Amino acid sequence: MNNAAPESTAALQDKIIELERQLKLSDEGNSRLAERCLALEKEVQSYLAAHPQREMHTDSPTLLQPLLYYDAGFGFSEKDTLTAPDCVTDELTGSVTATFELPVTAQGLRFDPGELPCCVTKLIFSDDRIVWHPANGLNLQGDTTLFLGDDPNYRLDGLNQYPAGMKLVVSYCYFPLEALTDEPLFCAVLESVQLLQKNKDSEKHHISELEQAVADKQQALAALQQEITQLHQKNAALQAKSDAYETSLEGVLASSSWKLTAPIRRLLDLFRRGN
């Protein structure tokens, strides 16, 4: 009995030592795990700082509603903006129909289909005299316009003035793209499109410079042609004078007085030679 007690005590102490060792290892593991978690958190924070996420507004009806800006003589501004009280939207097909009524006579109109990056198709205005041009979008095949930035809008032309009380109905299909703006593929497409647009603008500017150079050369050529015409006119006038002098000289030489005075001229010539 006495021998068993010491053995049991020794086994208990060994068990305590083993548990303490495991507890220490566990504490060390937890510490390493905590350090790793902190490191990962710092990496995430660094990534978020370097790649700020856009705040999604796709669920905001205000940013999806169509707006009509009108210029009453002072340019476009937020205070001269119309919303469509009876706007009808089909979320399944993306079709939108809106009716606006001008409160005053306007000199110009601007239409915003929404405030987010989007794709707009089948844009139609009730007044077929109105011609639309995307101010900050890209015309694709057909009647599709791609807006890759915020605040997409169209410039409306066709009328010198838009009378007060004029009702304008617009229909189109609207597909917001904001949910894709943080996707790598969308960003790559956006960068490519922006590069293409930059090249297009550069080519347009180059063509404009060439057209201006051609216009300058045509103007210079016209000035040279005018100068040549003036020289021809002067030459013709001088030739006419020369012909008149020759005719007059021939008349003098053929006159009887010239023939009668011939001996006198010969005597005078001999006199000059003798001197």
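Look up: the structure comes first, before these words.
Owing to the predicted nature of the structure, the values given are computational and were not obtained by experimental measurement.

(A) Quick peek at the nonpolar core. By size, the foremost hydrophobic cluster in this structure holds 27 residues, and its most contacted members are Leu 102, Leu 109, Phe 111 and Leu 156. The contacts of Leu 156, once residues within four sequence positions are left out, are Leu 68, Leu 109, Phe 111, Phe 125, Ile 130, Val 131, Trp 132, Tyr 162 and Leu 168.

(B) Molecular detail of the pattern of salt bridges. All told, the structure shown has five salt bridges when counted by the stated rule. For Asp 127, the salt bridge is made with Arg 129, and the minimal N-O distance between the two is 2.8 Å. In this structure Arg 129 comes out as partly exposed when scored by relative accessible area, which is 48%. Each of Arg 110, Asp 112 and Asp 151 takes part in salt bridges that share partners, so that together they form one network.

(C) Expanded view of the sheet that holds strand E5 (residues 108–112). Within the open sheet, the five strands sit side by side as E2-E1-E5-E10-E7. Their pairing is antiparallel. Among the strands making up the open sheet, the edge pair consists of strand E2 (81–83) and strand E7 (131–134). Direction aside, the axes of adjacent strands within the sheet are offset by 25 degrees on average.

(D) Layout of the side chain of Thr 145. Along the polypeptide, Thr 145 turns up in strand E9 (residues 145–147). Residue Thr 145 is classed as buried on the basis of its relative accessible area of 0%. Side-chain polar atoms of Thr 145 contact the side chain of Tyr 154, separated by 3.1 Å. Ignoring sequence-local partners within four residues, the contact set of Thr 145 consists of Cys 118, Cys 119, Val 120, Trp 132, Pro 134, Gly 137, Leu 138, Asn 139 and Tyr 154.

(E) Region of interest: the sheet that holds E9. Read from one edge to the other, the open sheet built from six strands follows the order E3-E4-E11-E6-E9-E8, with strand pairing classed as antiparallel. With one partner strand each, in any of the chains shown, strand E3 (88–89) and strand E8 (138–139) form the two edges of the open sheet.

Calculation criteria
- Residues numbered from 1 in each chain as written.
- Predicted model: local features only at pLDDT ≥ 70, side-chain atom pairs only at ≥ 80, totals over all residues.
- Heavy atoms only, no water.
- Core = buried A, V, L, I, M, F, W, Y, C linked by side-chain atoms within 4.5 Å.
- Buried < 20%, exposed > 50% of the residue type's maximum accessible area, 1.4 Å probe, protein only.
- Contact = heavy atoms within 4.5 Å.
- Salt bridge = Lys/Arg side-chain N within 4 Å of Asp/Glu carboxyl O.
- Pairing = 2+ DSSP bridges.
- Helix = DSSP H or I, 4+ residues; strand = E, 2+ residues; numbered from the N terminus.
- Axes fitted to C-alpha atoms, helices over the stretch in contact; angles between N-to-C directions.
- Polar contact = N/O pair within 3.5 Å; in protein donor to acceptor, adjacent residues only side chain to side chain.

These values are about where atoms sit, not about what they do.
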